[in-house]
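Read off the chains here:
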Amino acid sequence: MAPEAQAFALPAEDLLPIEERRGYGHVLPLIEGNKSYTQVTEEVFSTTEKMPPLKWWLALSVSFSLLLLGAWAVTQTVTRGIGTWGLNRTVGWAFDITNFVFWVGIGHAGTLISAILFLFRQRWRTSINRAAEAMTIFAVMCAGMFPIIHMGRPWLAFWATPYPNTRGSLWVNFKSPLLWDVVAISTYFIISLTFWYLGLVPDLATMRDRAKSKLRKAIFSIFSLGWNGSNRTWSRYETVYMLLAGLSTPLVISVHTIVSMDFATSVIPGWHATIFPPYFVAGAVFSGFAMVLTLMIIARKVMDLEEYITVRHLEAMTKVIIATGMIVGMAYGTEFFMAWYSGNSYERYLFMNRALGPFKWAYWTMVSCNVLIPQLFWIRKVRTTPWMIFILTIFVNIGMWFERFVIIVTSLHRDYLPSSWAMYSPTFIEVAIFLGSFGLFFTCFLIFTRLLPIIAASEVKGVLKHEEH
Amino acid sequence: MRSTDLMVPTRFRASFAEPGLLLEAVKRLKLDGYRVLDTYTPFPVHGMDEAIGLKPSRLPRACLAFAILGLAIALGLQIWTSAYDYPLIVGGKPLVSLPAFVPVAFELTVLVAGLGVVASLFVVSGMRPKFKVPDLHPGVNDDRFVVAAEIRAGASFAVVQAMMADLGAVETDLLVDDQMQKDSSLLDREATPLALILAFIPAVLVLAALPLLNRDYLRRNAAWDGGMMVPVAYQSFDPAPFLPNGQVLQSPPNGTVPRSGLVPLSYGPGKAEAERAGRELVNPFLPTQENFSRGKLVYERSCAACHGRDGDNNSSVIVARGLLAPAILVSPVVKAMPDGHLFHVATFGGPQKMKGLGDIISREDRWKVVLYIRELQKATTPEVRGRSSFCARPEHRSEAMNPNQVFTVPSRDLTKPQFPTLAEIGEKFRLAAVTLAVLGFLMIVVGLATNPVHAWANVLITAFNLTCVGLGGLFLLAIQSTTGARWSDPILKAHRAMPALLPIAGLMMLSLWFGAGYIYPWARPEAHADHLLHGRLVWLNRPFFFGRVLIFFAIWILMGRRIVQHGKGAAVFILVFGITFAVANFDWIMSVEPGWYSTIFAIYGFSGMFLQGIAIVTISAIVLRRVGLLPEISKAQNHDLGKLLFAFSCFWAYIWLSQFLLIWYANIPEETAPIRLMLDGKWTPFFYLNLVLNFGLPFVLLLQRKAKTSETVLMVACFIVLAGHWLDLYLMVLPPVLKGAAPTFGLSEAGGILMQFGLGHMACWPVFMKDVNPAQEVPQR
């Protein structure tokens, strides 16, 4: 190197050799195995054309059983009423809304991976975005179920939408955060579905081209919209894909912001905190990435996709988990500090009660799973060992469920009036509905893995011989 | 093209195994004058649009049109239903509550824009369910990269075949006509989005017409109409035009004798009557311990809320909220008033806002309160405590100092590429910077001498803003190094110079030790007596507060040096930064009003800091490129910076809205006070200007892709953001410090701004010079 060039050296350039030693960037390809285009096509699409293996059927039977259990519990709730739940006047939102927020949070990673990482040109997203987006859609389906059954009369759920009616001038209350929720979740579902479908179109065309049976050919002909890989179409398609990514990014943030406002617009200690919107969004990303990792680690193993979903992908996602986990931890700290600093005795009591009251076990589960355990991801060995990541992400999933439980139940069970104080414990029906939502989620996901390519083949081909720069 | 004389042009296709080969073939075909119809590939090949000569799609415009449509539908629907068709008061909020309409408006904007642009794509590209897709090549969705072109006049297929084979084609053959997909010509492609929007109009019209068809709209539901909506109960002091004195509260009829048996006063309201009472009346009570205690009790119950416990407004609730500025009872003016005058004011009200309390406090008690006030006046020296808008000193204004003038100076001078050498530039700007810094310092000194409250507040703003610049650079650098992002490598130099500001900012922050009492209520000696502050003084006291300042700056400077010089410790820095910066925000800025708190405040501070950091990096990158110091900065980097600026401007608005919306919605008195202060008074225009500068203008300016790459637009947007951040800080600090007095722009403000520019340049330039000057050694690890 010429002395002058050396003098121009920048720290990032100094970092390069370190990064290479660590195994980033130039060294590891995004897709392993030095594959050809045909090989990618074959490996990605053949899973959708073969009879699924026995382990798939086993998994489906387990998750479908859970789904049936949930269906039974929902039937009980609808026919016998909300009284089958453990709710009471003081704790009016509990298990059900906890699950709602939990699932919405899970649903955030998909769009985040698709949209934000796309805008930031993080090319490692290509082999996981399809599955993550599918997860988003199924998670939002699970989430949407909970407020509807919480209505008690779910057959009137359409009352929550603004539509011209014959009851005189009667409209929904646009100033209510609960209505914002209806609009936000529906918009999120529709846009995520559109985004997912748009990303699928080129792959659906490949499936159409590969289809042997007439019926299969007809079905995929309908859904692939006559796609023929024309550059003119690609050019517009990419423009629209980027626009959708640009729209989805603020959308994904807005959704959990609005969910947080269900709580934060109230005057209940522990709920009314201005930090809630960003704190909920960070928590959602945190839990969503954990769930994506959980699923991806299983999927890559079961479906032999280790060369597509590489350790590099997993490691990148664990870093997002540390970052968002720290933000969540900061938010816990801020809330605590501010409760003390405010001098407001209700706030102070509430937070002391969270940490030392009857639900302290839930609180400390939350803190250890969300703040303490993810610190292990600082260790590189943990970040690059799939089974360790798997265990840690399970902890994060548990911790984030408890976070919502803590926020909802501990804030409600001690009212301003001590005469209204109450405890809460879920009934079997509530637990069954929660398990049922997992059944719904995994059933959908399993069917998806066999029906459609879970890797975006057209995107993976684009980065196959991509040189990182 | 020009090949269509008599013979039908013959089309051919050639397929390749690699996108690179296809791209070369297309370029060659274009060069040789062939008409390339299209290429067909399993994934988009970058550079193909330019090679074929496709113009950028106009779909983004369709997207924008749909977004505006969605916004209009959402706002129209919400305003019409909530305020006209079904006017229902919810939570005491106005019928048209724009903050509450933002979430739904945003969602519907995204929904209509997203669905609209995808629908436009489908129409424009003719994407619809097709059972028979022209079979161009079986491998285009698998592993073949195919080009379709017309054979040039005069060339034979054999020539083409040979050329293609030469370029690496796997196969080349002639195309049958129906193998080509015809471009959708049903509608003009670019007109389609417009047509789609037009298609929406009937639906909107039908929706709008529904209420007119609805009989209920004309004969409204009685339950929600008229009387039920407006509370009938009048408040005592409400205006009532139909009553003799124009207000609800009526005086008792003449000659009424109170049940306590006292004789009615022979005085009426008004200044003349008050002076008459001052001349004629004498306090019937002697200053005995008993009378004094009674007066104290009544005073503390009925008067202290507004006048403060010591009559000096210091512990006044309404002054702390900035609502009103009552007369200072211990001031010389009130001291000079005779007892009778004070008694009259207590009975009938003061010349300004004070209401008469004659109906509430008995006559004896009013006289005893006057006794107590006399005691208070004896106990106080008003010169020390007289700090209120009521007797605010005239502000020192400097007409020549206009923030915009100051802001444009460096850009105008720097952008001229007429300074050839580094040394000259450095010399020129060092002189200017030193001048600015010295001038600013002098202004602040003059400010300290004449109006210390104002001046110290500006020292705080300046110090905090310089800290933000330093930390902004450091934070960007740390993020860069942890994520391994490379796009900004060339502009790292600007980041690396920014942390040099931290020591100066730290010294300024520490200098606040001497002025803390002027701006921080908790630093005043009487804070111990204030129950609002009680219990927080453990955290908010001078030694601990400035100890934290010292520790934070030590951490930032030391860790910053490690990152800048060795590129190490970035991840740990981000962690430590998160905690320290949060506490710094709570401490330095939020505690200006210690009764108020907001958990998002640190994130709000961060969003402003980060936005400003990006703006400064952008400005320096552009300026330095123009003078030829950073030749490696390209248009793509400008575009990236533009995108970042746009995104974080939106992020700032998001955090701003989160804080505002939640406080507005919950409407808890102690939380709303600082915002009410700005929305009720003379600060209102600045409250909105803050939004416009930090979000509105950058959003509009940078929405277009073209704008994000234009250096002029970027520069304008950056300076707007800088002005916006200063205003944002000003609005966080000054209203509570001035306790509701009108905003002023005086010597201290101008001095603060000048110092920021001067010191900013003085601190950063030498570091930057070290980086870019090949003659000097770069610190090595």
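What you see is a predicted model; the values in this text were computed from it and never measured.

Draft legend 1. Structural context of the interface of chain B and chain A. Opposite the 115 residues of chain B that make contact, chain A presents 101 residues. Counting each side, the surface lost to burial between chain B and chain A is near 9,600 Å², with a carbon and sulfur contribution of 66%. Applying the counting criterion to the chain B and chain A interface returns one salt bridge. Salt-bridge contacts for R232 of chain A lead to D38 of chain B; the nearest nitrogen and oxygen are separated by 3.7 Å. Where chain B touches chain A, the interface holds 26 residue pairs in polar contact (both at pLDDT 80 or more). Residue contributions to the side of chain B that touches chain A peak at 17 residues, all from helix α4 (residues 98-124) of chain B. When grouped by side-chain class, the residues that make up the side of chain B that touches chain A number 69 nonpolar, 24 polar and 22 charged.

Draft legend 2. Expanded view of the side chain of E347 of chain A. For E347 of chain A, the position within the fold is in helix α13 (residues 345-356). One buried charged residue, E347 of chain A, remains without a salt bridge, the closest side chain of opposite sign being R354 of chain A at 7.8 Å. Those residues in contact with E347 of chain A that lie beyond four places of it in its chain are P269, G270, H272, A339 and S342 of chain A together with Y597 of chain B.

Draft legend 3. Expanded view of the packing of aromatic side chains. Tallied over the full model, the rule gives 93 aromatic pairs over all chains. When the ring centre of Y665 of chain B is taken as origin, the NZ or CZ atom of K93 of chain B, which lies over that ring, is 5.6 Å away.

Draft legend 4. Broad picture of unusual backbone geometry. We note that L225 of chain A has phi near 50°; this positive angle belongs to a residue other than glycine. Relative to the helices and strands, L225 of chain A resides in the loop between α9 (214-223) and α10 (231-264).

Draft legend 5. Inspection of empty space enclosed by the protein at higher detail. Residue and element names in this part refer to chain B. Across all of its chains, the model carries 14 cavities of 30 Å³ or more by this definition. Forming the walls of the largest cavity are 20 residues, and the residues nearest its centre are W596, Q659, M678, L731 and M732. Every element with two or more residues in the lining of the largest cavity is listed here: α23 (601-626), α24 (635-666), α25 (669-680), α26 (684-702) and α28 (711-738). It is α28 that provides the largest number of residues to the lining of the largest cavity, a total of five residues. Considered class by class, the residues forming the lining of the largest cavity number 16 nonpolar, two polar and two charged.

What counts as what
All residue numbers refer to position in the chain's written sequence, counted from 1. The order in which chains are written sets their letters, starting at A; the order in which ligands are written sets their numbers, starting at 1. Per-residue local features are limited, in this predicted model, to residues with pLDDT of at least 70; the limit for side-chain atom pairs, both in listing and counting, is 80 or more; totals at the level of whole chains, interfaces and linings are taken over all residues. In computing side-chain properties, one takes all heavy atoms of the structure into account and sets aside hydrogens as well as water. Contact definition: two residues touch when any of their heavy atoms are within 4.5 Å. As a working definition, buried area equals the accessible area (1.4 Å probe) given up by two parts on being put together, with both sides summed. By salt bridge we mean one thing: a side-chain nitrogen of Lys or Arg within 4 Å of a carboxyl oxygen of Asp or Glu. Whenever two N or O atoms come within 3.5 Å, that pair is a polar contact, provided that in protein one can donate a hydrogen and the other can accept it, and provided that, for residues adjacent in sequence, both atoms are side-chain atoms. Counting from the N terminus, the helices are DSSP H or I runs at least four residues long and the strands are E runs at least two residues long. Ten residues, namely Ala, Val, Leu, Ile, Met, Phe, Trp, Tyr, Cys and Pro, are considered nonpolar, four, namely Asp, Glu, Lys and Arg, are considered charged, and the remaining ones, Gly among them, are considered polar. Each residue is assigned to one of three classes by its accessible area relative to the maximum for its type, calculated with a 1.4 Å probe on protein chains only: buried under 20%, partly exposed between the two thresholds, exposed over 50%. Positive charges come from Lys and Arg, negative ones from Asp and Glu, while His and the chain ends are left out of the count. Any Phe, Tyr or Trp ring, taking Trp's six-membered ring, that has another such ring centre within 6.5 Å forms a pair; planes under 30 degrees apart are called stacked, those over 60 apart edge-to-face, and the others tilted. In this analysis the charged atom, NZ for Lys or CZ for Arg, is taken to sit over a ring once it is within 6 Å of the ring centre and within 35 degrees of the ring normal. Points on a 1 Å grid over protein atoms alone make up a cavity when a 1.4 Å probe fits among them but cannot get out, and a pocket when they form an open set with protein on both sides within 12 Å along at least five of seven lines; lining residues each have an atom within 4 Å of a point. Grid points are joined across faces, edges and corners, and a volume is the space filled by probe spheres set on the points.

These figures capture arrangement, not role.
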